[in-house]
Amino acid sequence: MFSLHPRLDADTLLLGTLPLCQVRLHRDSRYPWLLLVPMRANLTEIHHLSEADQQQLMRESCQIASLMEQALKPDSMNVGALGNVVSQLHLHHVARFEGDDAWPGPIWGALPSKPYEPDALAETAQFWRQALAAMDGFVPAA
């Protein structure tokens, strides 16, 4: 049975679901940052998914990256599956801009997280839920 790692739960906000993955907003306001978390139990690596789920994950990841690229026009889209801190399989999608707080280096460990103010978090979540609504199979979180 799928359950979300407590660290992912604490660091992110559920926006909704796609056929395979939860779509989550990272609470660090320094960067536009969405995560995909496959709703499968006990997974740590992409190659642990079935072939069909691997293809679905790639489809959903590309859709999220394209959506972020169209909405934000970043200089670069960083997509990565890092399991060093949280072993549960999840994919980061981070829109990067020249001059952002960590540019051109990686965001991990560059600076402490800067949480959204409550109103900004609600506005950002609403923005992404509206954008995600155009994706086939997206179901917004209640």
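Right, let's walk through the structure included here.

Attention now goes to the overall build of the chain. Along the chain, the regular secondary structure elements total 3 helices and 6 strands. Seen in sequence order, the chain has helices and strands lined up from the N terminus as α-β-β-β-α-β-β-α-β. For the chain, whose C-alpha radius of gyration is 14 Å, the value lies close to the compact-globule estimate of 14 Å for 142 residues. Its C-alpha atoms give the chain principal-axis dimensions of about 40 × 30 × 25 Å. Within the chain, the proportion of its 142 residues that are buried is 39%. Sequence separation of 24 or more characterises 58% of the internal contacts of the chain that already satisfy a separation of 6 or more. Element-wise, carbon and sulfur atoms account for 53% of the exposed surface of the chain, whose accessible area totals about 7,800 Å². When the 10 positive and 16 negative side-chain charges of the chain are each reduced to one mean point, those points stand 3 Å apart.

Further remarks concern the pairing of strand 2 (residues 21–26). Among the 6 residues of strand 2, 6 are classified as buried, and the element is accordingly described as predominantly covered. Neither face of strand 2 is open: one carries Cys21, Val23 and Leu25, the other Gln22, Arg24 and His26, and all of them are buried. Pairing geometry for strand 1 (residues 12–17) and strand 2, over 5 bridges, is antiparallel. Paired with threonine 12 across the bridge in strand 2 is histidine 26.

Further remarks concern the sheet that holds strand 1. Reading across from one edge, 4-5-3-2-1-6 is the order of the 6 strands in this open sheet, with antiparallel pairing throughout. Both edges of this open sheet fall to strand 4 (76–80) and strand 6 (139–140), since each of them pairs with a single strand only. Of the strands in this sheet, strand 2, strand 3 (33–38), strand 4 and strand 5 (91–96) touch helix 2 (residues 51–72), which is tilted by about 20° from strand 5. Those strands touched by helix 3 (residues 118–132) are strand 1, strand 2, strand 3 and strand 6, and its axis lies near 25° from that of strand 1.

Now for the layout of surface pockets. Taken as a whole, the largest pocket encloses approximately 440 Å³ of empty space. Considering the residues around the largest pocket, the lining is formed by 21 residues, among which Arg7, His26, Trp33, His92 and Trp108 are closest to the centre. Counting only elements with at least two residues in the lining of the largest pocket, the list comes to helix 1 (6–11) and strand 3. In terms of residue class, the lining of the largest pocket is made up of 11 nonpolar, 7 polar and 3 charged.

Reading the values: the criteria
- Residues numbered from 1 in each chain as written.
- Predicted model: local features only at pLDDT ≥ 70, side-chain atom pairs only at ≥ 80, totals over all residues.
- Heavy atoms only, no water.
- Helix = DSSP H or I, 4+ residues; strand = E, 2+ residues; numbered from the N terminus.
- Rg over C-alpha atoms; globule rule 2.2 N^0.38 Å.
- Buried < 20%, exposed > 50% of the residue type's maximum accessible area, 1.4 Å probe, protein only.
- Contact = heavy atoms within 4.5 Å.
- Areas by Shrake-Rupley, 256 points an atom, 1.4 Å probe, with all protein chains shown as cover.
- Lys, Arg positive; Asp, Glu negative; His and termini not counted.
- Charge placed at Lys NZ, Arg CZ, Asp CG, Glu CD.
- Pairing = 2+ DSSP bridges.
- Axes fitted to C-alpha atoms, helices over the stretch in contact; angles between N-to-C directions.
- 1 Å grid on protein atoms, 1.4 Å probe; cavity = no way out; pocket = protein on both sides within 12 Å on 5 of 7 lines; lining within 4 Å.
- Points joined across faces, edges and corners; volume = space filled by probe spheres on them.
- Nonpolar A, V, L, I, M, F, W, Y, C, P; charged D, E, K, R; others polar.

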